[in-house]
Structure formats: C-alpha cells, structure tokens
Amino acid sequence: MHSSTFRAAPVEGGIDHLPHLSGPASEIRQVLAAHFVRDCPHILEIGGHIRPVTSYLTHNPLSVTSVDPKTPAFESDELGGRPCKVRHIDKKFQQVDYTYEPGSYGLVLLGYSLKPFGSREPLGQLLFSLIDNAKRIVIEYPPALDRATSQVPEIVARDNLAQIASFEVTLDDAAIAGSPFARRRFHVLEPVA
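So, how was this worked out
- Residues numbered from 1 in each chain as written.
- Predicted model: local features only at pLDDT ≥ 70, side-chain atom pairs only at ≥ 80, totals over all residues.
- Heavy atoms only, no water.
- Salt bridge = Lys/Arg side-chain N within 4 Å of Asp/Glu carboxyl O.
- Helix = DSSP H or I, 4+ residues; strand = E, 2+ residues; numbered from the N terminus.
- Buried < 20%, exposed > 50% of the residue type's maximum accessible area, 1.4 Å probe, protein only.
- Arc of directions from axis to C-beta.
- Contact = heavy atoms within 4.5 Å.

**Student:** Please give an account of the pattern of salt bridges that cites residues and values.
**Tutor:** One pass over the structure, following the stated rule, counts nine salt bridges. The salt bridge partner of arginine 29 is glutamate 140, with a shortest N-O separation of 3.1 Å. Of the two residues, arginine 29 sits in helix 1 (residues 28–36) while glutamate 140 sits in strand 6 (residues 136–141), which places them 111 residues apart along the sequence. You can call arginine 29 buried: its relative accessible area is 7%. Among the residues examined, glutamate 140 registers a relative accessible area of 0% and is labelled buried. A single network of salt bridges, built from pairs that share partners, joins Asp39, Lys135, Arg136 and Glu190.

Set out below in structure tokens:
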C-alpha cells in the first residue's frame, strides 16, 4: 500500500465509454452522494467507473472502497492528508468479499447499471445484503436506462428501507445536453428504525 492521495481521473477528451458524463455538470452526482454519506465511517461505492466518489468526500471516513471493472486499481492509507484506507478495486461487485459491520457504511451506487456476473444476478442476495446492512444508501441513475429502471424500483420498495430524499437533476452542459441521459434520478434510503 502506498500513501499517495487519490485524484479524480482527468476527463479531457471524455470519460472512457461515457463521454456524456465528461462535462462540468456531471460532478454534481458525486458531490450530492458525498453529502448524504458524510456521517458514515466507511464508504462503499459500487459502480464508480473512472470517477469514484472518493475525492468528493468532505468528511474523514475510516475507509473508502470503490468497486467497478473500469475503476483504475488504487490503494492508499490516506485521503486528503488524513488516515483512511482507500481501495479502488477493478472488479465486478460480485467478485469482492465485504466485511462491514451492519450500519457502519454508506453505500453509493452512482450511474446504477448493474449487470449479471456469470450466474450471479445483480439483484441477488449479495446486493440486498449490502443494501440491508448499510447506514445509508444513495442510488443515482438516468431514467432513460432500462436496466436501471427495471431494477431500482425493487430496491426502493423494500419494506425495511425508508426513503429520506428523492429528486431529479438535469445536466445541461454541452457534453450531455439533449441526451436521454441528461435527466438523473436520485434515491436516498435508510433502514427502518
């Protein structure tokens, strides 16, 4: 492990396979997610692509883990000059073992677009266990993405979760304006007390 500080990937020329999220407005997604998990001692992000929430966090978490096959692998023992175990894992979320205490982490799912991995479906025991044991869950996706709109309602409707916020944001910068992906929907959930 090394102790360099993580910096967001540059987006000059567009984000790998997601040029519509290369504009300046797209970062509001990470800023909003960071706000809602600011009281969580551990952060787990599934789907950070090459722009994970890590560098947008404003608090001092004990750990940050971002899991996405397109996230460049990265490890550090600090974040923003403070002690923090940071890991960016370039794998599918179904390939990783998670050992969080229930209620100790915020779960961030930006650009929700989970796919099956072999015989392991995205909406299965692993994801529901991570959702059910999180302190707070932030889900963001474009309603124009069929994969997300077919899966997210099943998560939001879980009896053991309460929605504390839901809202839509429209990104209008030149990289995304007029695209079906310009409209973004957020759900912020907590376990029912």
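**Student:** Tell me about helix 2 (residues 125–132), residues and numbers included.
**Tutor:** Within helix 2, burial applies to Leu127, Phe128, Leu130 and Ile131. When helix 2 is viewed along its axis, its buried side chains cluster within an angular range of 160° and face the same direction. Where the residues of helix 2 are buried, they touch strand 1 (42–46), strand 5 (105–109), strand 6, helix 3 (146–156) and strand 7 (161–170).

**Student:** Can you tell me about the environment of glycine 48, naming the residues and giving the values?
**Tutor:** Within the secondary structure, glycine 48 is located in the loop between strand 1 and strand 2 (63–67). On the basis of relative accessibility, which here comes to 5%, the residue glycine 48 falls in the buried class. Through-space distance from the C-alpha of glycine 48 to that of proline 69 is 9.1 Å; in sequence the pair is 21 residues apart. If we skip the residues at most four places from it in the chain, glycine 48 touches Ser66, Val67, Asp68 and Thr71.

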